[in-house]
Amino acid sequence: MTVENLPNVGLGTWLLTDFDELKHAIQTARETGYQHIDTAQVYNNEYDIGVILKDLAIDRSELFLTTKIAPMNYKKHTKTSVHQSLQRLGTDYLDLVLLHAELNKTLNLSAYQALLELQKEGIIRHVGVSNFSIAGIQDLIEATWVKPYCNQIVCSPTTRSAELEAFCLSEGILLTGYSILKPYFTPNPFYPDSALTDTEKAKLDTLCKKYDVGIGQLLNKWALQHHYHIIPKSSNPKRVKENYQLDFDIATSDMSIIDEMNRYSAAEYREDVKKWENNVTEEQLENGLLYEQHFK
């Protein structure tokens, strides 16, 4: 059966660049029931994923495949880069293509319109964004009258932008959360103040014991109950399986305990978004990120 809509749980592949580890993770994920694989042009593993999907003889119609356009491709190379992603992934269509980060209004719109044109051609089923603020999304909607299918954003107990979340849900824009578990172990490198305190970790550990689940299961379920789709990343087969085993419900009072750990706002998110724009040079925008298999 063809997977037409974004599954609730998918396999994230950021930093999974070791071929054998990636193959084992994908194989375990498929055996467990995953139907979504999330990658990106800057992850440098699209080609490997394509080889693995072919090696494992995975039916393309039973898989929802997402990739993201590298920000340096927005200005001149969006369409070319999509065709290269198709070749690397060994497929003739993509279920979802996202703009990986919000840059300035002109660049965002140029890339977004290019993706909408490719959608009309039938090689992209859904077009969305990642790491976009409320203002960035509103600019796209006002210019094109087309809402993004989803917004993939950071979501953890300490980095949950409730205002952005509420906006997307009210507009019918799906949410995909990433780095949900990260602050439990170490601060998210993009959000230095995201580390959980020892007291907060103790509260989470108590909830894990209450529900008889691991910390990954607890926080993934917490995100799902906030209407996020999730893409947990792991190369550990045990963790890959656990991340999919979420057949329990967190009580409202316990959800509140986790929610109270948040220390993030839409305003701060907008400021963080600017970091992406500032890190892309004019030379990179001219040259793009174009490659056949892997880039150095």
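These notes cover the structure that comes with them. Values in this document were obtained by computation on a predicted structure and should not be read as measured data.

## Here's the deal with the pattern of salt bridges
On inspection of all chains with the given rule, the structure shows 18 salt bridges. With a closest N to O distance of 3.0 Å, Lys147 and Glu171 form a salt bridge. You can see Lys147 sitting in the loop between helix H5 (134–144) and strand S6 (150–154) and its partner Glu171 sitting in the loop between helix H6 (162–170) and strand S7 (174–178), a full 24 residues away along the chain. Its relative accessible area of 42% is what places Lys147 among the partly exposed residues. Glu200 is the salt-bridge partner of Arg263, the closest N and O atoms lying 2.9 Å from each other. In this pair, Arg263 is assigned in the loop between helix H11 (252–259) and helix H12 (266–278) and Glu200 in helix H8 (residues 198–211), connecting sequence segments 63 residues apart. The class of Arg263 is partly exposed, set by a relative accessible area of 34%. Here the residues in one salt-bridge network are Lys75, Lys76, Glu282 and Glu286, joined through shared partners.

## Describing H11
When we look at burial in H11, the residues that qualify are Asp254, Met255 and Ile258. Down the axis of H11, the sector holding all buried residues measures 105°, keeping them to one side. Where the residues of H11 are buried, they touch H8 and helix H9 (215–225).

Quick notes on the rules
- Residues numbered from 1 in each chain as written.
- Predicted model: local features only at pLDDT ≥ 70, side-chain atom pairs only at ≥ 80, totals over all residues.
- Heavy atoms only, no water.
- Salt bridge = Lys/Arg side-chain N within 4 Å of Asp/Glu carboxyl O.
- Helix = DSSP H or I, 4+ residues; strand = E, 2+ residues; numbered from the N terminus.
- Buried < 20%, exposed > 50% of the residue type's maximum accessible area, 1.4 Å probe, protein only.
- Arc of directions from axis to C-beta.
- Contact = heavy atoms within 4.5 Å.

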